[in-house]
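Results of the structural survey
Residue strings, one per chain:
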Amino acid sequence: MPRIFINGSPFETDERLSILEATARAGICVPTVCFDARLAAIGSCRICSVDVEGEIHPQIACRTEIREGMRIHTHSPAIEAFRHEMISWLAGRVTAESFASELGKELHALMRVYGIDPAHKGRRVIAPDLSHPYIRVDMAQCIGCFRCVKICEDLQGEFVWHALGRAADLQIVPDSGTTLRASSCVSCGACVDTCPTAALTDRGPQSADAIERWTRTTCAYCGVGCELEAGISDGRIVRVRPAKNAPVNKGHLCVKGRYAFGFTHSSDRQRRPLVRQGKTWLPVSWDDALARCAEEFQRILRAHGPDSIGVIGSARATNEENYLIQKFARVVLGTNNVDCCARVCHTPSAAALKAMLGAGASTNSFDDIEKARTIFVFGANPLENHPVVGARIRRQVLQHGARLIVADPRRTELASMATIHLAPRPGTNIALLNALAHTIVSENLIDPDFLAERVAGWDDFRNFIARWPAERAAEVCGVPAEDIRKAAQLYAREKPAMSFHGLGLTEHVQGTEGVMALINLALLSGNIGKPGTGINPLRGQNNVQGAAQMGCDPAILTGSVPLDERRSLFEGVWDAPIPRQRGFNLMAMIDEALAGRLKALWVVGYDILPTLADMNVTRRALKKLDFVVVQDLFLTDTAEAVGDLFLPAASAFEKDGTFMNAERRIQRVRKAVDAPGEARPDWRIVCDIAERMGHGTRFAYGAAEGIWNEIRQVWPEAAGISYARLEQGGLQWPCRSEDDPGVPILHGVEFARSKRATLQKIDYVPSPEQTSPEFPILLTTGRNLYQFNAGTMTMRTPNKKLRQTDVLEIAPADAGRLNIQSGRRVLVRSRYGHARMSALVTDRIKSGEAFATFHDSKVGLNRLTGPFRDAIVGSPEYKVTAVAIATVTVRTSSTQLRRK
């Protein structure tokens with residue numbers, strides 16, 4: 001244990017620390033300009049230099065490791081004079097304007113401490129680059145500290161910034177050689193976050209120094225669960241920065257989390273309840289809106305019974321709010337007709353994981369990425385859809401030598417750097433996974449000890465899987481047999497191996513079975529219950545894991561337990577019976593509405609019309625309903641098309657509560673600003689309607705914490721997670737008591753319900769959706785880095801400048817055959833509808849296949865997707881649609897012709 005002396009005081013530690021780290025631990029601030037704790041020390045500014053007795057020259061504190069007996073002097077007169085000289089030299093790059101407006105920049109702060117004025121001469125060799133909607137580039141103020149270069153490479157894994165020249169000729173330039181907007185920048189803002197000068201700053205109407213306070217909360221976009229700090233000025237969010245000590249994102253954010261917060265203050269936020277009268281929406285008071293809602297629900301209950309009403313929870317609502325939504329359905333309405341958007345994405349994952357392992361959630365944590373020797377990404381594109389996790393995977397591969405297997409029909413960016421890229425035909429995942437299992441079994445790559453102790457059904461499975469050699473699967477899925485064998489060998493030999501999967505695995509008619517087949521691989525190879533292993537669904541929305549876990553599912557209660565398993569516990573806490581009638585899931589509700597049996601629907605924070613598959617049928621079904629309540633931030637497509645009553649809700653920045661991320665981590669959501677106008681938190685609206693319907697005492701909560709404490713009563717696996725503990729950081733369930741640290745890795749000794757998990761025999765069943773001469777191309781759908789789901793939030797931010805609308809990716813061979821060029825408008829037809837969009841010709845797509853996103857409601861991509869669903873949980877098949885593609889003839893008006 002080294003014992004050192006800092007300014008005469010002893011300091012001991014059992015860790016290997018740099019002098020800079022040791023002085024910080026001792027509470028002494030040593031100034032620095034080029035240091036960022038997220039990066040390896042650079043040491044270029046030398047401002048952190050300190051005197052060390054016995055050394056002739058000052059030592060650079062960030063790059064010098066402490067050793068036994070070291071005597072350090074951090075602020076001697078000679079050192080302070082040296083720092084003053086170095087800071088004065090750097091001040092030659094600082095303009096008076098930026099010095100006054102960007103007070104928080106580290107160099108500017110040090111200049112004030114040392115009494116140094118900006119010394120920029122005003123002559124600009126480099127003009128500011130204002131091409132990017134979020135980032136201002138002014139390299140005339142660059143001091144050559146290299147922090148932007150290093151953070152882009154080491155944290156984000158991109159290589160946007162490059163250093164040209166040396167010393168006085170040094171320039172930091174983007175890889176485009178021109179503007180940042182023209183570069184490969186993914187707009188994460190890490191370079192702005194680390195830059196100690198005004199060379200890189202966030203664009204906006206106010207500088208960061210106008211911020212009155214910062215509120216720590218959790219991102220409202222994907223399921224990674226990044227923590228961030230929202231900067232507030234004059235009651236508005238004006239900046240967002242990453243929480244530096246966050247366990248999930250570790251001081252990093254993506255473009256959506258950092259910059260796409262503008263929807264919060266969008267001019268079309270709804271501020272008052274609205275009632276439809278004919279084709280017009282009329283504002284009404286909350287009293288009138290609540291009375292209308294309660295009266296309509298009660299009228300329908302009397303006329304048609306409780307199962308004539310459905311309630312849809314929200315992945316954008318908190319755990320507390322989703323808990324109340326399902327409690328309202330069961331206690332107030334008396335129905336199990338409650339669901340959420342998990343139905344259309346990862347309910348297959350939850351069902352498969354629960355059926356085989358006993359817990360319907362990720363087995364491991366994101367921190368296991370850095371422990372994995374092999375990473376298997378199946379049907380997911382995390383660099384775009386879960387960017388912070390995607391960046392961590394890429395770093396582990398490129399910087400630490402992990403092997404990467406990617407299974408995806410497209411050649412995504414991760415696929416392009418994979419050790420092996422498996423590109424199956426859409427809809428053939430089961431054949432591919434069975435062939436991987438066959439290789440593991442036939443080549444004796446199994447983990448015999450794990451099989452003997454923890455796995456059941458081995459003999460039956462071995463006989464079954466013998467029918468799926470790689471050659472047979474290759475004929476079905478189009479992946480070369482040798483690639484299948486190599487991937488299986490990597491996964492089973494180069495352990496620990498960690499699996500991540502996305503909607504490319506789940507959104508199929510065999511989605512649940514696809515996840516089961518993936519679990520088979522982990523069981524066969526022993527890649528489960530250990531660091532760096534496991535089966536980990538990448539959840540698509542910020543709280544979709546939580547919405548389902550809270551019981552927004554017709555078959556389960558809070559904690560993801562079957563209705564009858566804890567019926568007595570819930571009935572005792574709620575002082576009300578739980579209905580025994582089987583409820584309808586979301587897709588079944590659409591069927592019931594189409595058949596005329598479902599009469600009313602309450603949709604919270606979810607635009608179902610443009611996002612459900614087979615949009616034309618969805619529209620017809622919703623139009624048959626007698627009463628539709630939409631509760632959201634904006635008048636969504638669903639509200640505009642079929643809504644009768646609109647209730648304005650608070651956003652995630654405007655309320656308190658918790659979210660649950662994809663790794664089972666529960667984290668605080670904190671109110672940063674007031675909701676606009678009369679908008680209310682979802683939980684308050686639910687309680688108000690319950691009171692109007694005679695159940696006020698069962699919904700008498702004063703704040704979100706009281707709701708959470710009731711959740712702890714009915715969900716023993718989260719009983720140890722209190723708001724007080726969450727103030728110190730998120731916790732992963734199960735966490736059963738106040739002294740329980742939570743469980744980062746599940747199934748270490750036994751599975752949730754038994755010692756053994758049983759291998760599943762899953763045979764391949766082709767999708768009913770097949771190509772034909774009329775519809776010869778298979779379309780898959782997905783998301784893009786810059787937009788999010790139906791665009792409800794991101795389309796109201798400058799992200800629209802980075803990705804304006806949906807495009808159709810098409811292979812060069814197909815484009816040539818159809819005379820399609822990039823940018824050309826095309827008509828895409830399926831058996832179910834049509835959509836128009838622009839084409840993008842790219843070799844990321846194989847001939848005979850196409851890909852499109854679904855963010856722009858004007859495109860209406862889900863008019864194309866069809867009626868087929870997962871056979872077990874009813875999730876729609878978004879990933880397999882046969883289409884025909886043709887160019888669109890653009891009619892030019894005579895006025896346009898004259899202008900030409």
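What comes next is a walk through the structure. Since this is a predicted model, take the numbers as computed values, not measurements.

Scoring rules and cut-offs
Residues numbered from 1 in each chain as written. Predicted model: local features only at pLDDT ≥ 70, side-chain atom pairs only at ≥ 80, totals over all residues. Heavy atoms only, no water. Phe/Tyr/Trp six-rings, centres within 6.5 Å; stacked < 30°, edge-to-face > 60°. Helix = DSSP H or I, 4+ residues; strand = E, 2+ residues; numbered from the N terminus. Buried < 20%, exposed > 50% of the residue type's maximum accessible area, 1.4 Å probe, protein only. Lys NZ or Arg CZ within 6 Å of the ring centre and 35° of its normal. Axes fitted to C-alpha atoms, helices over the stretch in contact; angles between N-to-C directions. Parallel < 35°, antiparallel > 145°, perpendicular 65-115°, else oblique. Left-handed = near helix turned anticlockwise from the far one by under 90°. Contact = heavy atoms within 4.5 Å. Nonpolar A, V, L, I, M, F, W, Y, C, P; charged D, E, K, R; others polar.

For the structure on display, the rule yields 14 aromatic pairs. Judged by centre distance (5.2 Å) and plane angle (85 degrees), the ring pair of tyrosine 221 and phenylalanine 788 falls under edge-to-face. Here phenylalanine 788 lies in the loop between strand E32 (777-782) and helix H30 (799-802) and tyrosine 221 lies in the loop between strand E10 (213-218) and strand E11 (227-233), a separation of 567 residues in the sequence. Considered together, tyrosine 221 and phenylalanine 788 belong to a single accessibility category, that of buried residues. An angle of 65 degrees between the planes, with centres 6.3 Å apart, marks the rings of tyrosine 323 and tryptophan 574 as edge-to-face. Taken together, the residues span a long stretch of sequence, with tyrosine 323 in helix H9 (residues 319-333) and tryptophan 574 in helix H22 (residues 567-574) at a distance of 251 residues. With respect to class, tyrosine 323 is no different from tryptophan 574; both count as buried. Between the NZ or CZ atom of arginine 410 and the centre of the ring of phenylalanine 851, over which it lies, the distance is 3.7 Å. Seen from the ring of tryptophan 468, arginine 472 lies directly overhead, with NZ or CZ sitting 3.6 Å from the centre.

In contact at an axis separation of 9 Å, helix H14 (residues 429-442) and helix H17 (residues 470-477) are set at 165 degrees when each is read in the N-to-C sense. Taken together, the axis directions place H14 and H17 in an arrangement best described as roughly antiparallel. Judged by the twist between their axes, the crossing of H14 over H17 is left-handed. Taken together, the residues of H17 that come into contact with H14 (itself represented by Ala431, Leu432, Ala435 and His438) are Ala470, Ala473, Val476 and Cys477. Taken together, the residues that form the contact of H14 with H17 break down as seven nonpolar, one polar and no charged.

Taken across its 10 residues, helix H5 (residues 147-156) has eight buried, putting it largely inside the fold. Taken residue by residue, H5 has Arg147, Cys148, Val149, Ile151, Cys152, Glu153, Leu155 and Gln156 as its buried positions. Contact partners of the buried residues in H5: helix H4 (106-113), strand E7 (161-164), strand E8 (171-174), helix H6 (190-194), strand E9 (200-202) and helix H12 (387-398). Residue glycine 157 follows H5 closely and has a positive phi angle near 80 degrees.

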